[in-house]
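Here is what each chain is made of, one letter per residue.
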Amino acid sequence: MGKSSGGFSEAGLRKVRDVLARHVDSGRIPGLVALVGRGDETYVEAIGTMSHDGGPPMRRDTIFRMASTSKPVTMAAAMVLLDECGLRLDDLVEQWLPELADRRVLKRIDGPLDDTVPARRPITVRDVLTSTFGLGMDMTSLGTPIMNAVFEQGLTPDLPTPMPEPDEWMRRLGTLPLMHQPGEQWQYHIASDLLGVLVARVAGQSFETFLRERVFGPLGMKDTGFHVPADRIDRLPPLYAPDPQTGEFTVWDEPANGRWSRPPAFPGGGGGLVSTVDDYHAYFRMLLNRGMQGSERILSRPAVELMTGNRLTPEQTATRTAMARDNVHVSYGQGQHGGWGFGMAVRTYRGDYAPVGQFGWDGGSGTTTYADPENRLVGILLTQVGMSVPHAARLAQDFWTTVYQEIVD
């Protein structure tokens, strides 16, 4: 860590390191990799070990399960198709996803699955991109018949059984009524997985192949994908989901023979990616550069503006606010201050140290990734401790609190 120009003070970066190290020294976070980028300056810290009982040290090229921080990155596939007019925002999705034609909508969110009315209109591409197509992970409605059905059908990740391949997943999704009328309410997650199926069918190739050829390849994101090849698996730490009562480190996913050791049946745009700090930095820096990577254009400027600006109406924002307010471990995140663009949170009011306009998201595997146009700043913090306990969320909060103190202009 040498002297830093680019708008960070050396003392400030020392403070960032000290705060990160304090979390590792506490024994609650085995290891982490953090990156702060500003202009041409990049500062990286790798602290601690891959495993909670020691083992190899964390390295800059350690590969992490990105969980929900996959959402802002996989969305780029849809933006490529919009730029090329392969998709239009107000196209009906049923031409590619016939399973979603002729939808029924629950009369009430907690009602029986057969107590429905017809959808007022078909589902559009815009509904999928803004997470308002009518189904989602509604954490405030757990235990309702519809949420139980979503889990029973294996439509979400993190269940004991993996999600089925995309066509079967779509078939099962098509058996359920919608929770809300299309375009009416913002809902979390399922739209991001649906996006991957839509992209694959429109493009006529797998979601992963499309992302690799059109986004990851051009950006040099060589370690990003939906699984870790065997020759790199030693760079993937175990993922822990500590016991909420005892804090004991329970392994949720082993590297060897784990969920990411082979290509998944379902490449989940909502939470399936693995990546590194440098790969994610390349992506978020491209967004800050309004779609450019050096002299090469990855996305059009208006596509980036659509993704990274708030797209929700005040009524839709109320649901976003409820999710933040009523899920305390989530509300530690940067993304709990207002709106949503395409696949990511967009800050519309200032609730802590970061300014309005910051965009990105957090992941349940202990990841946080945001960019801030006002300060030309990218911050990425990756750990291997899941959000079954609040330790990774508190670490992320302290990371952002210290990063924002260190900006000197």
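Coordinates for the structure precede this section.
Now for a description of the structure that goes with this document. (Residues numbered from 1 in each chain as written. Predicted model: local features only at pLDDT ≥ 70, side-chain atom pairs only at ≥ 80, totals over all residues. Heavy atoms only, no water.)

Comments concerning the overall build of the protein chain
Next up, step 1: Of regular secondary structure, the protein chain possesses 12 helices and 16 strands.
Next up, step 2: Its C-alpha atoms give the protein chain a radius of gyration of 20 Å, near enough to 22 Å, the size a compact globule of 409 residues would have.
Next up, step 3: In terms of overall dimensions, the protein chain has a C-alpha envelope of 60 × 50 × 40 Å along the principal axes.
Next up, step 4: When the 409 residues of the protein chain are sorted by exposure, 57% land in the buried category.
Next up, step 5: A fraction of 68% describes how many contacts in the protein chain between residues 6 or more apart in sequence connect residues 24 or more apart.
Next up, step 6: Accessible surface, the protein chain as shown: approximately 16100 Å² in total, 50% of it carbon and sulfur. (Helix = DSSP H or I, 4+ residues; strand = E, 2+ residues; numbered from the N terminus. Rg over C-alpha atoms; globule rule 2.2 N^0.38 Å. Buried < 20%, exposed > 50% of the residue type's maximum accessible area, 1.4 Å probe, protein only. Contact = heavy atoms within 4.5 Å. Areas by Shrake-Rupley, 256 points an atom, 1.4 Å probe, with all protein chains shown as cover.)

Details of the pairing of strand E16 (residues 377–383)
Next up, step 1: Extensive coverage of E16 is indicated by the burial of seven of its seven residues.
Next up, step 2: Neither face of E16 is left uncovered, since the one carrying Leu377, Gly379, Leu381 and Thr383 and the one carrying Val378, Ile380 and Leu382 both have all their residues buried.
Next up, step 3: The pairing of strand E1 (residues 31–38) with E16 spans seven bridges and is antiparallel. Each bridged residue has a counterpart across the sheet, and for leucine 35 the counterpart in E16 is isoleucine 380.
Next up, step 4: The sheet contact formed by strand E15 (residues 367–372) and E16 spans six bridges and is antiparallel. From the neighbouring strand, aspartate 372 faces E16, where its bridge partner is leucine 377.
Next up, step 5: What sits between E15 and E16 in their antiparallel hairpin is a turn of four residues, with arginine 376 showing a positive phi close to 50°. (Pairing = 2+ DSSP bridges.)

Considerations on helix H2 (residues 70–83)
Next up, step 1: The first and last C-alpha atoms of H2 sit 21 Å apart over 14 residues, in line with the 20 Å expected at 1.5 Å per residue.
Next up, step 2: A bend of about 25° at alanine 77 is the largest found in H2.
Next up, step 3: Burial analysis of H2 places 13 of its 14 residues in the buried class, the great majority of the element.
Next up, step 4: Downstream of H2 by one or two residues, cysteine 85 has phi in the positive range, about 65°. (Expected span 1.5 Å × (residues − 1). Bend = angle between axes of the 7 residues up to and from the residue.)

Brief notes about the nonpolar core
A general feature of soluble globular proteins is that nonpolar side chains tend to end up buried together.
Next up, step 1: Formed by 80 residues in total, the largest nonpolar core has its most connected members in Trp169, Tyr283, Leu287 and Leu299.
Next up, step 2: With nine residues, the top contributor of residues to this core is H2.
Next up, step 3: Not counting residues up to four positions away in its chain, the partners in contact with tryptophan 169 are Gly154, Leu155, Met163, Pro164, Ile190, Asp193, Leu194, Val197 and Phe266. (Core = buried A, V, L, I, M, F, W, Y, C linked by side-chain atoms within 4.5 Å.)

What to know about the packing of aromatic side chains
Next up, step 1: For the structure on display, the rule yields 14 aromatic pairs.
Next up, step 2: With centroids separated by 6.0 Å and ring planes inclined at 40°, the aromatic side chains of tryptophan 186 and tyrosine 188 adopt a geometry described as tilted.
Next up, step 3: Ring centres of tyrosine 370 and tryptophan 400 lie 5.7 Å apart, and the angle between their planes is 85°; on these two criteria the pair is classed as edge-to-face. Taken together, the residues span a long stretch of sequence, with tyrosine 370 in strand E15 and tryptophan 400 in helix H12 (residues 391–405) at a distance of 30 residues.
Next up, step 4: You can call tryptophan 400 buried: its relative accessible area is 2%.
Next up, step 5: Here the aromatic cluster, defined as three or more aromatic residues joined through ring pairs, consists of Trp186, Tyr188, Trp340 and Trp361. (Phe/Tyr/Trp six-rings, centres within 6.5 Å; stacked < 30°, edge-to-face > 60°.)

Some thoughts on helix H7 (residues 207–219)
Next up, step 1: Compared with an ideal rise of 1.5 Å per residue, which puts 13 residues at 18 Å, H7 spans 17 Å between its outermost C-alpha atoms and is within 8% of the ideal.
Next up, step 2: The principal kink in H7, of about 40°, is found at glutamate 213.
Next up, step 3: Within the span of H7, buried status applies to Phe207, Glu208, Phe210, Leu211, Val215, Phe216 and Leu219.
Next up, step 4: Contacts made by the buried residues of H7 are with H2, helix H6 (190–203), helix H8 (277–288) and strand E10 (292–293).
Next up, step 5: Positioned one or two residues after H7, glycine 220 has a phi angle of 70°, which is positive.

Notes on the packing of helix H5 (residues 166–174) against H6
Next up, step 1: Closest axis-to-axis distance for the H5/H6 pair is 11 Å, and the angle between their directions is 125°. In terms of orientation, H5 and H6 fall into the oblique class. Viewed along their axes, H5 and H6 form a crossing whose handedness is left-handed. Taking contact as the criterion, the partners of Pro166, Asp167, Trp169, Met170 and Leu173 in H5 are, on H6, Ile190, Asp193, Leu194, Val197 and Arg201.
Next up, step 2: Of the residues that constitute the contact of H5 with H6, the class distribution is seven nonpolar, no polar and three charged. (Axes fitted to C-alpha atoms, helices over the stretch in contact; angles between N-to-C directions. Parallel < 35°, antiparallel > 145°, perpendicular 65-115°, else oblique. Left-handed = near helix turned anticlockwise from the far one by under 90°. Nonpolar A, V, L, I, M, F, W, Y, C, P; charged D, E, K, R; others polar.)

Spatial relationships are all this shows, so hold off on functional conclusions.
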